[in-house]
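Descriptive analysis of the structure
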Protein chains: 2
Amino acid sequence: MPVSIAEVAARAGVSQGTVSKVLNGRVAAQIALATQERVKIAASELGYHPSAIARGLAGKRLDTLGIVFAQGNTFFATSPYFAAILDGILEVVTRAKQNTMLFTGQVWSDARQGLPILRDGRCDGLLLISPPAESDIVPALLEAKLPFVLVGDINPHPLVTSVDVDNVMGARKITEHLISLGHRRIAYLCGPPTVSSVSQRLQGYQDAIEADGIEFDLSLVMPGAYLQESGYERARELWRLPADQRPTAVFCGNDLIAIGAMAALHDLGARIPQDISVAGFDDIPSAATSQPSLTTMRQPMHLLGQHAAARLLALIQATEEPGFKEVLPTELVVRGSTAPPA
Amino acid sequence: MPVSIAEVAARAGVSQGTVSKVLNGRVAAQIALATQERVKIAASELGYHPSAIARGLAGKRLDTLGIVFAQGNTFFATSPYFAAILDGILEVVTRAKQNTMLFTGQVWSDARQGLPILRDGRCDGLLLISPPAESDIVPALLEAKLPFVLVGDINPHPLVTSVDVDNVMGARKITEHLISLGHRRIAYLCGPPTVSSVSQRLQGYQDAIEADGIEFDLSLVMPGAYLQESGYERARELWRLPADQRPTAVFCGNDLIAIGAMAALHDLGARIPQDISVAGFDDIPSAATSQPSLTTMRQPMHLLGQHAAARLLALIQATEEPGFKEVLPTELVVRGSTAPPA
DNA sequence: CTGTTAGCGCATTCAG
DNA sequence: CTGAATGCGCTAACAG
């Protein structure tokens, strides 16, 4: 139903090839100005717009970036982290006049099953939002030769481009903050062990602990999910420990966990930060408004998205070589949820 | 680079047409079971997946829905309303194994300019997130014969399908709540006058006011934007009124405005709800955690998204006729920001 | 300077 | 039951 290039050609009294050249600005193939005029007028009179899929088939860019993520059944509501990253991506994408495809049906654990749809020609490149380390999607994509960049994750492969924060350092700094307040027994409530940020933050936590001569106690490391409910449950478990084994502070793998943990501790009658300090990671919007406000390690999520999108664009235009691993800094934000132990 | 149907055909020793028939389950054109087997095996061995754009060009569905919205430069961060709707949409879309395109470059005021990209063949239908009433996008889409549904807006045209809440009733109910507390002088801080929800809520507000014999005072209606900053500014203006003309309560067009207004009032030394009551609309997540918690009219944003996506799917599959105007109920949520006047 | 031709990968007639 | 031919709308050589 939409007007095709043939109609424009007919109205301008030229061939399709000519229309294509004029409209794509291939001035290289010199075309009489008068003809150019005629074509342009015909096109605009007809309200012509090329079919994206047809030009895609013919081998041109689609000016479309794909965003891949998997979050079970819910998305933004449960992941302010993802929402902020997406926000950053969209800013850059919109400014660059590109479009966006959202792939929500992925199962990270099985790229063989989900990959085809990612490379069936609909987008020029992919942005992967923190896939778990054990997913086979990265090798699959590498093999498919589709440009992509990892966001919120890094990968040792020399051809994988990524944008992430320094999780090890971030976790180390916030743990040091806790130590500097006088805490010696600090728990780590983390996300799923297969996600790389979880192990990296564990590393930073352990580094800080040991640098201070505190013994690393694995029983204080409690894996779960990056969700509020998980924080709630783990904190309850923590509180079941004999009083002399209870930590005086807890570092949570992200703010969602921290907020859940604070809720549980509150329900159990513990006062924060008097009885126990709680620290998070990310600095999502609600960290500032929680009760008490949450001490956390801020991640520039918006920037993460912006930079990742910009890099993918550069990769697609071959302006940049793949393989760069960009690391953004984090920032300690001290609020009301941490204080010296009683 | 990806494997094409020709390769599958070659490997199975049949023609492309046969492969297409087998893989698309056109058992109508009876094909020997042995052949079917051979084709299927060849396809899976080769890891074949059809090119979406090629089959799109050949006239098939792309299994892709487009989501259109325009929010200036920022998106989710500034619009929890939109994020919640998107969440609902994605749930349905993911379950239906469809994909999603996000169109962020639209300028509602000029559909002629932005429309082409929406109908260049990349998606089977469109979801429009509350376009302003005066936008010419609806007539343009109607003319283009592309299935679409309006979310968070309604349109009188008999062929336009939409999903929205009853804004008039919602605004009326919450205004009545304020009146029942004893307020007689109630301001309305609203969003941009061109958005239909703004005028509908104004209607409900006015209905409630007048039903109670209170004189409608246009100077208490303050238009702005659906943003926190706007609420902040308008509330300051409000406070500049001579003490005897100040309202004792303010109904805000959405929660963002309400939160901004509460911040301004707080900064000006007013106590909420003792000195002035504040009510919002939407019930975004932060409404429950604000200080004080916000009384508001809850909108089932998640459902809005789910239903809209389901209807669009039905429209595309021609399971449903266009034109249905679905209206979802709102629910009054009384919290700490409203109380009887001093 | 411009028209013609040949695919891109797939679905779909229409003949056998 | 299966193959060959055609076209979807567009771009990119290649001729003139």
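Counting restarts for each chain, with residues numbered from 1 along the sequence as it is written. Whichever chain is written first becomes A and whichever ligand is written first becomes 1, with later ones labelled in order. At least 70 in pLDDT is required for a residue's local features to be given in this predicted model, at least 80 for side-chain atom pairs to be given and counted, and no such filter applies to totals for whole chains, interfaces and linings, which use all residues. Calculation of side-chain values draws on the structure's entire complement of heavy atoms; hydrogens and water are dropped beforehand.

1. Comments concerning the sheet that holds strand β4 (residues 148-151) of chain B
Short version of the rule: Two strands are counted as paired when DSSP detects at least two bridges linking them. We count a stretch as a helix when DSSP gives it H or I for four or more residues in a row; a strand needs E for two or more, and each element gets its number in order from the N terminus. What counts as an axis is a line fitted to C-alpha atoms, over the stretch in contact for a helix, and the angles between N-to-C directions run from 0 to 180 degrees. Whether two residues touch is decided by their heavy atoms; if any such pair falls within 4.5 Å, the residues are in contact.
The strand order β11(A)-β5(A)-β4(A)-β3(A)-β1(A)-β2(A)-β2(B)-β1(B)-β3(B)-β4(B)-β5(B)-β11(B) describes an open sheet built from 12 strands, whose pairing is mixed. Both outer strands of the open sheet, β11 (325-328) of chain A together with β11 (325-328) of chain B, are each paired with one neighbouring strand and no more. Averaged over all adjacent pairs, the angle separating strand axes in this sheet is 20 degrees, with direction ignored. In the sheet, strand β1 (residues 64-68) of chain A pairs with strand β3 (residues 125-129) of chain A via 4 bridges, with the strands oriented parallel. Across the sheet, the residue bridging to Ile-67 of chain A is Leu-127 of chain A, located in β3 of chain A. Across the face of the sheet, helix α7 (residues 137-144) of chain B comes into contact with β3 (125-129) and β4 of chain B while running at roughly 160 degrees to β4 of chain B.

2. Brief notes about the protein's contact with DNA strand C
Formally: For this description, a residue counts as near a given molecule or strand if any of its non-hydrogen atoms is within 4 Å of it. Pairs of N or O atoms within 3.5 Å make up the polar contacts considered here, provided that, within protein, one atom can donate a hydrogen while the other can accept it, and that residues adjacent in sequence are counted only when both atoms are side-chain atoms. The classification used treats Ala, Val, Leu, Ile, Met, Phe, Trp, Tyr, Cys and Pro as nonpolar, Asp, Glu, Lys and Arg as charged, and all other residues, Gly among them, as polar.
For DNA strand C, the set of nearby residues contains 26 residues, the closest of which are Ala-32 and Thr-35 of chain A together with Ile-5, Tyr-48 and Arg-55 of chain B. When atoms of DNA strand C within 4 Å of the protein are split into backbone and base, the sugar-phosphate part holds 71%. One nitrogen or oxygen atom from the side chain of Thr-35 of chain A is found 2.6 Å from a phosphate oxygen belonging to DNA strand C. Between DNA strand C and Ser-20 of chain B there is a distance of 3.0 Å, counted from a phosphate oxygen to a side-chain nitrogen or oxygen. For the surface near DNA strand C, the elements supplying multiple residues, two or more each, are α2 (16-23) of chain A together with α2 (16-23) and α4 (52-57) of chain B. The residue makeup of the surface near DNA strand C, split by class, is 10 nonpolar, 12 polar and 4 charged.

3. Examining the relation of the copies chain B and chain A
The following threshold applies: Only residues with pLDDT of at least 70 in both copies contribute their C-alpha atoms to the least-squares superposition of the copies.
Each copy of the sequence occupies a distinct position, and chain B is placed on chain A by a rotation of 180 degrees and an axial shift of 0.0 Å, giving an RMSD of 0.1 Å. Such a combination of turn and shift is consistent with a two-fold rotation axis. Nearest to the rotation axis, the C-alpha of Met-101 of chain B is located 2.2 Å from it, this being the minimum over chain B. Comparing interface residues between copies, 100% of those in chain B also lie at the interface in chain A; the contact surface is shared.

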